Amino acid sequence: MASLFDLPKPLLVALLIFTATVCRFAYIGLTCPTRHIPGPWYTRFTHLRLKRAVVTGQRIFYIDSLHQEYGPIVRLSPFEVGVSDLNGFREIHKIGTKYLKSTWYQRLANFPKAGVFTMIDPREHGPRRKLLSRSFSRTYLVENWEPVVREKARLAVEKIRKAAVADRADVYNWWMLLASDVSAHLAFGESFRMLETGHANQFIRVLKKLTMGAGIMVEMPLLRLLRFVPVTAVQEMFNANDYIIKGAGRAVEMARSRTGEANIFAKVIDDCEKEGEGHIEDMDVRIEAMNVIIAGTDTTGVTLTYLTWAVLQRPELRKKLEEETAGLEDGFTENDLIALPLLNAVIEETLRLYGAAPSSLPRVVPQGGAKLGGHFIPQGTTVSTQAYTFHRDPQIWEDPLTFSPTRWLSPKPDVPAPASSPDAKTAFHPFGAGARSCVGIHLARMELRYAVAFLFRECKGLRLSERTTPESMAFENFFLIAPKAHRCEIELRE
Ligand code: HEM
């Protein structure tokens with residue numbers, strides 16, 4: 001009688017692999033710790049459907065569609081659960097929470113040490129965060145960095161205006177240059193002059209490659225094997241680390257030099273020395289300098305791009321913004337901008353629908369497990385909350401898909417704005433929430449305010465170019481969002 005072992009060897013190996021895979025899936029499915037949570041049947045066996053959504057830039061849409069179908073607590077994979085329940089969100093992100101960042105962040109860290117963004121242990125993260133927070137407080141920024149932000153925003157708009165009058169201006173490019181020039185200037189203490197030259201310098205280009213590589217590797221670790229492929233572009237991606245870490249040494253030099261222009265780390269180092277309550281090594285300064293540039297560039301650049309797009313689709317709104325900003329005195333400050341109701345409402349509404357970081361903020365359920373939205377979730381499970389879904393919840397926002405800045409304005413003096421309801425306040429988190437919320441929030445808001453004020457004050461009558469369409473502006477989602485076309489062109493006919 002013929003036996004299995006009579007089969008040709010390749011077929012036998014294929015059969016064994018297939019059987020092992022089926023057994024593995026069956027085992028995961030039967031022992032799946034989240035099997036009692038609602039969700040598509042296949043998410044009990046594998047994370048592959050979720051992975052497909054991640055690598056094709058569709059994660060936020062896929063998870064949102066699962067919430068629509070299965071409710072506020074949904075199984076995304078055997079070990080990950082989506083949460084769009086408000087009380088669940090409060091519990092996960094409250095100050096002093098025991099839900100820590102998942103190891104996804106650690107795997108994202110491509111540098112020799114973790115920085116404020118990727119640290120997981122609160123005992124490590126807390127002191128670092130405290131040190132950086134002082135340099136990013138609004139008071140400190142207004143006293144030390146407001147003129148730099150203002151001048152760069154003015155210059156970006158001057159460049160946009162020139163290009164838009166001549167032919168068309170790609171605001172995606174200009175807003176990215178603005179945001180990286182600001183972040184780099186704060187981190188290094190000297191301008192990279194990218195707005196002046198109109199393109200990113202070598203350091204920023206390599207840093208971008210490095211973060212892109214880290215983003216790909218964290219999702220597809222097997223691709224690390226590519227480092228052995230002798231192709232220059234691939235090798236550059238893997239060797240970028242050394243170049244960047246070396247380049248970031250300039251941030252340390254500038255911070256420690258008392259003769260050059262200061263950077264934000266000069267204060268961090270001073271604070272450590274003065275108060276003796278913190279400790280930061282040169283490598284930490286390098287890593288945090290890179291963090292500031294990485295975290296501060298695409299986030300602000302993309303948000304400004306979508307703001308421009310959203311306003312220019314609405315000529316009435318554009319005119320009102322032009323009128324409001326025309327009323328500013330020439331030497332206006334951020335305090336004057338904070339007093340402009342429409343400008344701030346437009347920024348908030350942009351952050352609601354088009355904030356650049358609407359994806360899952362993965363956290364791990366602490367020891368003992370937790371009950372969220374009426375479901376028990378075992379310890380060790382990753383729970384993911386995404387702003388994309390909270391910001392579009394029809395139970396919280398009226399007509400949630402419509403871009404409507406007036407929801408942020410009081411209709412009458414004694415009537416609160418619809419967006420100031422307690423639920424809306426909890427649900428709205430474009431800058432994250434709790435102890436891990438954005439360190440750069442005041443810097444980002446300052447950049448957004450100045451850029452919007454200069455744009456609509458200096459460029460009256462802007463319109464979208466024909467090449468800027470809903471398709472070209474559709475979201476691509478790789479942790480952050482970006483327009484699919486990676487451009488957003490506008491025109492100005494005088
Ligand atoms: C519109 C612009 C911005 C948006 C929408 C944004 C959004 C966010 C979000 C959602 C988080 C939380 C991430 C998480 O929990 O996984 C975060 C964290 C962070 N952001 Fe921003 N950000 C912006 C601008 C900036 C800027 C300008 C900086 C520059 C310093 C910055 C630095 C950071 C850092 C260092 C963290 C990590 C904080 C921690 O874990 O303690 N961000 N940001």
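Not measured: the values here are computed from a predicted model.

K.L.:
Explain the state of the cysteines to me, please; I cannot follow it from the model alone.
P.N.:
Each disulfide consists of one covalent bond between the sulfur atoms belonging to two cysteines. Applying the stated criterion across every chain yields a total of zero disulfides. No disulfide involves Cys-23; its sulfur sits 17 Å from that of Cys-32, the nearest cysteine. Between Cys-459, a cysteine without a disulfide, and Cys-488, which holds the nearest cysteine sulfur, the sulfur-to-sulfur distance is 13 Å. Overall, Cys-459 belongs to the buried group, its relative accessible area being 0%.

K.L.:
What am I meant to see in the side chain of Lys-101 here?
P.N.:
With respect to the element layout, Lys-101 can be found in strand β3 (residues 100-101). Notably, Lys-101 is buried but unbridged: the nearest opposite-charge side chain belongs to Glu-288, and the N-O separation is 10 Å. A distance of 2.7 Å separates a polar side-chain atom of Lys-101 from the backbone oxygen of Phe-117. Residues contacting Lys-101, with those up to four places away along its chain left out, are Phe-117, Met-119, Ile-120, Pro-362, Arg-363, Val-364 and Arg-436.

K.L.:
Mind showing me how you'd approach the sheet that holds strand β1 (residues 73-77) here?
P.N.:
One key point about sheets: their strands pair by backbone hydrogen bonds, in either a parallel or an antiparallel sense. Here five strands make up an open sheet; going across it, the order is β1-β2-β8-β5-β3 and the pairing mixed. Strand pairing shows two members of the sheet lacking a second neighbour, β1 and β3, which therefore form its edges. Pairing between β1 and strand β2 (residues 80-83): four bridges, direction antiparallel. Residue pairing across strands places Ile-73 opposite Val-83, the latter belonging to β2.

K.L.:
Just to check I follow, could you spell out the coordination of the iron atom of the ligand for this structure?
P.N.:
Tetrahedral coordination by four donors sets the ideal angle at the metal to 109.5 degrees; octahedral coordination by six donors sets it to 90 or 180 degrees. In this structure, the iron atom of the ligand receives exactly one donor atom from the protein: Cys-438 (SG), at 2.3 Å. Topologically, Cys-438 is positioned in the loop between α20 (422-427) and α21 (441-458).

K.L.:
For this particular structure, what's the right way to read the UniProt feature "binding site: heme" (unreviewed entry) in the protein?
P.N.:
Annotation from UniProt places "binding site: heme" (unreviewed entry) at Cys-438. The exposure class assigned to Cys-438 is partly exposed, which follows from its relative accessible area of 30%. Those residues in contact with Cys-438 that sit more than four places away from it in its chain are Arg-129 and Phe-431.

K.L.:
I keep staring at the pattern of salt bridges and nothing clicks. Help me out?
P.N.:
Pairing between side chains of opposite charge can happen when the charged atoms of each approach one another. Taken as a whole and judged by the stated rule, the model has 30 salt bridges. Between Arg-256 and Asp-282 there is a salt bridge whose closest N-O contact spans 2.8 Å. With a gap of 26 residues between them, Arg-256 in helix α13 (residues 249-256) and Asp-282 in helix α15 (residues 282-312) connect regions that are remote in the sequence. Judged by its relative accessible area of 34%, Asp-282 is partly exposed. Several salt bridges converge on common partners, so that one network encompasses Lys-113, Arg-128, Glu-281, Asp-284 and Glu-288.

K.L.:
Explanation requested: the packing of aromatic side chains in the structure shown.
P.N.:
Where two aromatic rings form a pair, the distance of their centres and the angle of their planes describe that pair. Taken as a whole and judged by the stated rule, the model has 24 aromatic pairs. Here the aromatic residues Phe-61, Tyr-306, Trp-309, Tyr-354, Tyr-388, Phe-403 and Phe-475 are joined through ring pairs into a cluster of three or more. Stacked on the ring of Phe-117, the Lys or Arg Lys-101 has its end atom at 4.2 Å from the ring centre. Taking the ring centre of Trp-397 as reference, the NZ or CZ of Arg-352 above it sits at 5.3 Å.

K.L.:
Teacher, can you tell me more about the site of the ligand here?
P.N.:
In the neighbourhood of the ligand, 26 residues make up the surrounding shell, with Tyr-105, His-125, Arg-129, Arg-363 and Cys-438 lying closest. Arg-129 places a polar side-chain atom, nitrogen or oxygen, 2.8 Å from an oxygen atom of the ligand. Contact between the ligand and Arg-436: an oxygen atom at 3.0 Å from a side-chain N or O atom of the residue. For the shell around the ligand, the secondary-structure elements that each account for two or more residues are α6 (122-135), α15 and α21. Per-element tally for the shell around the ligand: the top contributor is α15, with six residues. Looking at the shell around the ligand residue by residue, the classes come out as 14 nonpolar, eight polar and four charged.

K.L.:
Would you explain empty space enclosed by the protein in this entry?
P.N.:
The gaps of empty space that remain are located by a probe, the size of a water molecule, rolled over the atoms. The tally for this structure, following the rule as stated, stands at one cavity of 30 Å³ or more. Of the pockets and cavities examined, the largest cavity occupies roughly 30 Å³. What lines the largest cavity is Leu-351, Arg-352, Gly-355, Ala-357, Pro-358, Ala-387, Tyr-388, His-391 and Pro-430. Looking at the lining of the largest cavity, the elements with two or more residues in it are α18 (341-354) and α19 (387-390). Split into classes, the residues belonging to the lining of the largest cavity amount to six nonpolar, two polar and one charged.

K.L.:
Which parts of the structure should I look at to understand the nonpolar core?
P.N.:
Among the nonpolar cores identified, the biggest contains 118 residues, and Trp-175, Leu-178, Phe-203 and Phe-265 are the most heavily contacted of them. In this structure, Val-81, Ile-92, Tyr-99 and Val-365 belong to the second largest nonpolar core, which totals 11 residues.

K.L.:
For this particular structure, what's the right way to read the layout of surface pockets?
P.N.:
Within this model, the second largest pocket holds a volume of roughly 380 Å³. Taken together, 16 residues form the lining of the second largest pocket, with Pro-72, Ser-84, Asp-393, Pro-394 and Gln-395 sitting closest to its centre. Among the secondary structure elements, those contributing two or more residues to the lining of the second largest pocket are α3 (59-70) and α19. For the lining of the second largest pocket, the leading source of residues is α3, giving three residues.

K.L.:
How should the sheet that holds strand β12 (residues 489-491) be read in this particular structure?
P.N.:
Ordered in space as β4-β12-β9, the three strands form an open sheet in which the pairing is antiparallel. At either margin of the open sheet sits one strand with a lone partner, and together these are β4 (169-170) and β9 (463-464). In the sheet, β9 pairs with β12 via two bridges, with the strands oriented antiparallel. Within β12, the position partnered with Arg-463 by the bridge is Glu-491.

K.L.:
Where do I start with the environment of Ile-60 in this structure?
P.N.:
Note on placement: Ile-60 falls in helix α3. Considered as a pair, Ile-60 and Gly-368 are 308 residues apart in the sequence and their alpha carbons are 29 Å apart.

K.L.:
What am I meant to see in a nonpolar patch on the surface here?
P.N.:
On the surface, Val-55, Met-212, Ile-216 and Met-220 cluster together into a nonpolar patch covering about 310 Å² of accessible area. Its location among the elements puts Ile-216 in helix α11 (residues 202-219).

Reading the values: the criteria
- Along each chain, numbering runs from 1 in the same order as the chain's sequence is written.
- Whole-chain, interface and lining totals are the exception, using all residues; otherwise, since this is a predicted model, local features are given only for residues with pLDDT of at least 70 and side-chain atom pairs are given and counted only at 80 or more.
- In computing side-chain values, all of the structure's heavy atoms are included and hydrogens and water are not.
- Count a disulfide wherever a pair of cysteine sulfur atoms falls within 2.5 Å.
- Burial classes follow relative accessibility: with a 1.4 Å probe on protein chains only, a residue under 20% of its type's maximum area counts as buried, one over 50% as exposed, and anything between as partly exposed.
- Each helix is a run of DSSP H or I of at least 4 residues and each strand a run of E of at least 2, with the numbering of both proceeding from the N terminus.
- When charges are counted, Lys and Arg contribute as positive and Asp and Glu as negative, whereas His and the chain ends are disregarded.
- What counts as a salt bridge is simple: a side-chain nitrogen of Lys or Arg found within 4 Å of a carboxyl oxygen of Asp or Glu.
- Each polar contact in these results corresponds to two N or O atoms within 3.5 Å; when the atoms are within protein, one needs to be able to donate a hydrogen and the other to accept it, and residues that are neighboring in sequence are counted only if both atoms are side-chain atoms.
- Note on contacts: a residue pair qualifies if any of its non-hydrogen atoms lie within 4.5 Å across the two residues.
- Strands are treated as partners if at least two bridges between them are detected by DSSP.
- Only N, O and S atoms count as donors, using a 2.8 Å limit from the metal and a wider 3.2 Å limit for Na, K and Ca, and since water is excluded some coordination spheres may look unfilled.
- UniProt positions are given in the numbering used here, feature names are shortened, and annotations may be inferred rather than shown by experiment.
- The criterion for an aromatic pair is that two Phe, Tyr or Trp rings (for Trp, the six-membered ring) have centres within 6.5 Å, with stacked assigned to planes under 30 degrees apart, edge-to-face to planes over 60 apart and tilted to the rest.
- Here, a charge over a ring is recorded when the distance from Lys NZ or Arg CZ to the ring centre is within 6 Å and its angle to the ring normal is within 35 degrees.
- Any residue with at least one heavy atom within 4 Å of a molecule or strand is counted as near it.
- Throughout, the ten residues Ala, Val, Leu, Ile, Met, Phe, Trp, Tyr, Cys and Pro are labelled nonpolar, Asp, Glu, Lys and Arg are labelled charged, and all others, Gly among them, are labelled polar.
- Cavities and pockets are defined on a 1 Å grid built over the protein atoms alone: a cavity is a set of grid points where a 1.4 Å probe fits but cannot escape, while a pocket is an open set with protein on both sides within 12 Å along at least five of seven lines, and lining residues are those with an atom within 4 Å of any such point.
- Grid points are joined across faces, edges and corners, and a volume is the space filled by probe spheres set on the points.
- In these notes, a set of buried Ala, Val, Leu, Ile, Met, Phe, Trp, Tyr and Cys residues joined through side-chain atoms within 4.5 Å is what counts as a nonpolar core.
- Patch membership requires more than 30% relative accessible area and the absence of a salt bridge. Residues of like charge join within 9 Å; the nonpolar side chains Val, Leu, Ile, Met, Phe, Trp and Tyr join within 5 Å.
- The accessible surface values rely on the Shrake-Rupley method and a 1.4 Å probe; as for residues, cover is taken only from the protein chains in view.

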